[in-house]
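Here is what each chain is made of, one letter per residue.
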Amino acid sequence: GQNIDQPTEMTATEGAIVQINCTYQTSGFNGLFWYQQHAGEAPTFLSYNVLDGLEEKGRFSSFLSRSKGYSYLLLKELQMKDSASYLCAVWTGFQKLVFGTGTRLLVSP
Amino acid sequence: DSGVTQTPKHLITATGQRVTLRCSPRSGDLSVYWYQQSLDQGLQFLIQYYNGEERAKGNILERFSAQQFPDLHSELNLSSLELGDSALYFCASSPFGGGNYGYTFGSGTRLTVV
């Protein structure tokens with residue numbers, strides 16, 4: 001089966017750093033994605049990891065450990081506009097992307 | 001603009017009715033996916049088409065059906081609508097083999113059943 005776990009909700013303060021964790025157990029692994037979704041809008045691509053290690057892209061970084069079935073998304077210098085849901089998704093095989101239920105992040109002043 | 005076009009953006013209809021949602025994938029993408037997202041719920045995979053053929057089915061009700069046409073656009077048909085079918089319906093597309101951007105999502109159709 002496919003199992004992707006993320007915390008349901010997190011809160012943080014503007015300017016702070018937050019880490020959103022994702023653990024997965026899937027039949028097949030060809031990469032892990034993070035998407036951002038503002039309420040009522042389409043998910044948008046944030047990052048992709050296929051090899052172990054840290055990928056940095058501006059204020060956002062994503063880490064992957066394939067042996068542990070674990071990833072995290074790190075958001076630095078939080079801004080109010082970062083309040084959104086963050087979706088972890090595993091590419092399990094031929095064109096099959098399995099999503100976690102998402103983590104709702106609330107950034108307060 | 002993601003390149004994936006969904007119409008209409010909003011739809012309000014009565015229980016028992018039938019509606020059709022339309023999706024045009026990004027140019028060059030052969031796969032189309034349909035997802036349902038109810039209030040405060042995650043993305044629920046409904047169905048996938050690849051180059052005109054059904055490839056995978058998720059939690060799609062028998063009242064729902066979909067197809068992908070030769071020009072690769074796709075339609076999701078929802079019939080005998082119930083109040084619980086009110087949700088955001090997203091279409092996504094991907095190129096052959098996946099690619100390192102995963103899926104590209106359309107802006108969604110918000111369906112309200114009254």
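Above this text is the structure in question.
Predicted model only: the values in this text are computed from it and were never measured.

> Help me understand unusual backbone geometry in this model?
Glycine aside, negative phi is the norm for most residues, and most peptide bonds take the trans geometry. With an omega of -10°, the peptide bond between B:Thr7 and B:Pro8 qualifies as cis. Among the structural elements, B:Pro8 can be located in the loop between strand S1 (5-7) and strand S2 (10-13). Positive phi outside glycine occurs at A:Glu77, with the angle close to 45°. Examined against the element boundaries, A:Glu77 turns out to sit in the loop between strand S8 (70-75) and strand S9 (84-93). Under the relative-accessibility criterion, A:Glu77 is labelled exposed at 55%. Not every positive phi belongs to a glycine, and B:Leu72 is a case in point at roughly 80°. Along the chain, B:Leu72 turns up in the loop between strand S7 (64-68) and strand S8 (74-78). Judged by its relative accessible area of 17%, B:Leu72 falls in the buried class.

> What is the right way to read the interface of chain B and chain A from this model?
A common measure of how large an interface is: the accessible area buried when the components associate. Each side of the interface is counted separately: chain B has 28 residues, and chain A has 18 residues. Of the roughly 1600 Å² buried where chain B meets chain A, counting both sides, 59% is carbon and sulfur surface. Between the two partners, chain B and chain A, sit 0 salt bridges. At the boundary of chain B and chain A, one finds 4 residue pairs in polar contact (both at pLDDT 80 or more). Elements with a contribution of two residues or more to the side of chain B that touches chain A: strand S4 (31-37), strand S5 (44-50), strand S6 (53-57) and strand S9 (87-94) of chain B. Here the side of chain B that touches chain A gets 4 residues from one element, more than from any other, and that element is S4(B).

> In this structure, what is going on with the side chain of A:Thr103? I would like to understand it.
All names here are of chain A. The topology assignment puts Thr103 in strand S11 (residues 103-108). Of the polar contacts made by the side chain of Thr103, one reaches the side chain of Gln6; its length is 3.1 Å. Of note is the side chain of Thr103, whose polar atom sits 2.6 Å from the backbone oxygen of Pro7. With residues near it in sequence (within four places) discarded, Thr103 still touches Gln6, Pro7, Thr8, Glu9, Met10, Ile20, Ala84, Ser85 and Tyr86.

> What's the story with the pairing of strand S6 (residues 53-57) of chain A in this structure? I'm lost.
Residue and element names in this part refer to chain A. Bridge count between S6 and strand S7 (residues 60-65): 5 bridges; the pairing is antiparallel. Paired with Glu55 across the bridge in S7 is Ser62. Hairpin connection, S6 to S7: the antiparallel pair is bridged by 2 residues, and Gly58 has positive phi, about 65°.

> When you look at the pattern of salt bridges in this model, what are you seeing that I'm missing?
Note that side chains of opposite charge can pair when their charged atoms are close. Enumeration according to the criterion identifies 8 salt bridges over all chains in this entry. Across the salt bridge formed by A:Asp52 and A:Arg66, the nearest N and O atoms sit 3.0 Å from each other. Residue A:Asp52 is found in the loop between strand S5 (44-49) and S6, and its partner A:Arg66 is found in the loop between S7 and S8; the two are separated by 14 residues along the sequence. Of the residues examined, A:Asp52 reaches a relative accessible area of 44% and is grouped as partly exposed. On the basis of relative accessible area, A:Arg66 is assigned to the partly exposed category, the value being 41%. Among the salt bridges present, the one from A:Arg59 reaches A:Asp82, with a minimum N-O distance of 2.8 Å. With a gap of 23 residues between them, A:Arg59 in the loop between S6 and S7 and A:Asp82 in the loop between S8 and S9 connect regions that are remote in the sequence. The same class applies to A:Arg59 and to A:Asp82, which are both buried. Connected through salt bridges with shared partners, the residues B:Arg63, B:Glu82 and B:Asp85 form a single ionic network.

> Sorry if this is basic, but what is going on with the environment of A:Ser61 here?
Residues and elements named next belong to chain A. In this fold, Ser61 is placed in strand S7. For Ser61, a relative accessible area of 1% gives the class buried. Beyond its immediate chain neighbours, meaning those up to four positions away, Ser61 contacts Leu54, Glu55, Glu56, Tyr72, Leu73, Leu74 and Lys76.

> Sorry if this is basic, but what is going on with the sheet that holds S7(B) here?
Strands pair in a sheet through their backbones, by hydrogen bonds, and they do so in one of two ways: parallel or antiparallel. Residues and elements named next belong to chain B. Within the open sheet, the 4 strands sit side by side as S1-S3-S8-S7. Their pairing is antiparallel. Both edges of this open sheet fall to S1 and S7, since each of them pairs with a single strand only. Recorded for the sheet is a direction-independent mean angle of 15° between the axes of neighbouring strands. Bridge count for strand S3 (residues 19-24) against S8 is 5 bridges, and the pairing is antiparallel.

Rules of the game
- Residues numbered from 1 in each chain as written.
- Chains lettered and ligands numbered in written order.
- Predicted model: local features only at pLDDT ≥ 70, side-chain atom pairs only at ≥ 80, totals over all residues.
- Heavy atoms only, no water.
- Helix = DSSP H or I, 4+ residues; strand = E, 2+ residues; numbered from the N terminus.
- Buried < 20%, exposed > 50% of the residue type's maximum accessible area, 1.4 Å probe, protein only.
- Contact = heavy atoms within 4.5 Å.
- Buried area = accessible area lost by both parts, 1.4 Å probe.
- Salt bridge = Lys/Arg side-chain N within 4 Å of Asp/Glu carboxyl O.
- Polar contact = N/O pair within 3.5 Å; in protein donor to acceptor, adjacent residues only side chain to side chain.
- Pairing = 2+ DSSP bridges.
- Axes fitted to C-alpha atoms, helices over the stretch in contact; angles between N-to-C directions.

From the geometry alone we can't say anything about function, so treat these as descriptive.
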